[in-house]
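# Survey of secondary and tertiary structure
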Amino acid sequence: MITIMKSIFAFFAFACKIVYRIFKIFRIRILVLYLAVCAVLQLTLHVFDGKEFIFWIGTAVCIALTLLAWALYLKRKFQKPVKRRMPSYGKDEVSDETEQTFDEEECAVAATIEQKTKRKNHGKERPKYYNVAGRPDYIFAEYSDRFELFKKSADGLFLVRTDYKE
């Protein structure tokens, strides 16, 4: 008897997971939850008798949220990420002996407009490259006026952030 109850409960839990994943895929979880709560309230307490406009306003809000979720999903899906590639100076310039650590709290303050306009030797200067200690998928480039952090990937190196020197 206990094993039959466990089996029924396991089947019910499995069915609920499948239904939830379907709702998640179609991004209708909020709408379905609202409709389920409204159905329970109407069946038990008769909340919407004579006040159907409240139900329809809530339904409209949930449909709007569902459409917004779809719009944001489609925007993220079809928007290409902006990536800046690192100039290729060769792998022989990356130094393994002098490793630098990268810590979010210790980064330089964001560059001012004056510093951004005064980028000296931006395309001509060759930086010193360092591997980041504890993060083998990052490379640190030091220029005379700034530091640049790059992330290694299968497609090459991509710029993560730039911090300007004071």
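Residues numbered from 1 in each chain as written. Predicted model: local features only at pLDDT ≥ 70, side-chain atom pairs only at ≥ 80, totals over all residues. Heavy atoms only, no water.

## What to know about the overall build of the protein chain
Along the backbone of the protein chain there are four helices and five strands. Moving toward the C terminus, one meets the helices and strands of the protein chain in the order α-α-α-β-α-β-β-β-β. The buried share of the protein chain, taken over its 166 residues, is 20%. Excluding contacts between residues fewer than 6 apart, the proportion of contacts in the protein chain whose partners are at least 24 apart in sequence is 48%. A total of about 13100 Å² of accessible surface is found on the protein chain, and carbon and sulfur atoms cover 65% of it. (Helix = DSSP H or I, 4+ residues; strand = E, 2+ residues; numbered from the N terminus. Buried < 20%, exposed > 50% of the residue type's maximum accessible area, 1.4 Å probe, protein only. Contact = heavy atoms within 4.5 Å. Areas by Shrake-Rupley, 256 points an atom, 1.4 Å probe, with all protein chains shown as cover.)

## What about the confidence of the model for the protein chain?
Across the protein chain, the average pLDDT comes to 78, with 73% of residues at 70 or higher. Considering each helix and strand of the protein chain separately, the mean pLDDT is smallest for helix α4 (residues 113–117), with a value of 44, and largest for helix α1 (residues 2–25), with 92. Across residues 102–118, confidence stays below pLDDT 50; counting only partners more than four residues off in sequence or on other chains, it has 18 contacts. (pLDDT = per-residue confidence, 0-100.)

## Points about helix α3 (residues 52–78)
Over its 27 residues, α3 runs 39 Å from end to end, which matches the ideal 39 Å to within 8%, given 1.5 Å per residue. Within α3, the full set of buried residues consists of G58, T59, C62 and T66. In the core, the buried residues of α3 are packed alongside α2 (29–45). (Expected span 1.5 Å × (residues − 1).)

## Points about the nonpolar core
Counting seven residues, the largest nonpolar core consists of Y129, I139, A141, Y143, F150, L157 and L159. Elements that contribute at least two residues to this core include exactly β3 (135–142) and β5 (156–164). Residue contacts for A141: discarding those within four places in its chain leaves P127, K128, Y129, R146, F147, E148 and F150. (Core = buried A, V, L, I, M, F, W, Y, C linked by side-chain atoms within 4.5 Å.)

## Focus: the packing of aromatic side chains
Applying the stated rule across the entire model yields five aromatic pairs. Where Y34 meets F55, the ring centres are 6.2 Å apart and the plane angle is 20°; that geometry is what we call stacked. On the criterion of sequence distance, the pair formed by Y34 in helix α2 and F55 in helix α3 is long-range, its members being 21 residues apart. According to the relative accessible area criterion, Y34 is buried, its value standing at 19%. On the basis of an interplanar angle of 70° and a centroid distance of 5.0 Å, the ring pair of F55 and W56 is categorised as edge-to-face. Grouping aromatic residues by their ring pairs yields a cluster made of Y34, F48, F55 and W56. R27 extends its terminal NZ or CZ atom over the ring of Y73, reaching a point 3.9 Å from the ring centre. (Phe/Tyr/Trp six-rings, centres within 6.5 Å; stacked < 30°, edge-to-face > 60°. Lys NZ or Arg CZ within 6 Å of the ring centre and 35° of its normal.)

## Some remarks on the pattern of salt bridges
In total, this model carries six salt bridges according to the counting rule given. For K151, the salt bridge is made with D137, and the minimal N-O distance between the two is 2.9 Å. Linking K151 in strand β4 (residues 146–153) with D137 in strand β3, this pair joins segments that are 14 residues apart in sequence. Residue classification places D137 among the partly exposed residues on the basis of a relative accessible area of 26%. (Salt bridge = Lys/Arg side-chain N within 4 Å of Asp/Glu carboxyl O.)

## Some points on the environment of R29
Here R29 is to be found in helix α2. On a C-alpha basis, the gap between R29 and T66 in space is 8.2 Å, while along the polypeptide they are 37 residues apart. If sequence neighbours within four positions are ignored, R29 has contacts with Y20, F23 and K24.

## Here we look at the state of the cysteines
Using the criterion set out here, one finds zero disulfides in the structure. Not part of a disulfide, C62 finds its nearest cysteine sulfur in C38, a span of 7.6 Å. (Disulfide = S-S within 2.5 Å.)

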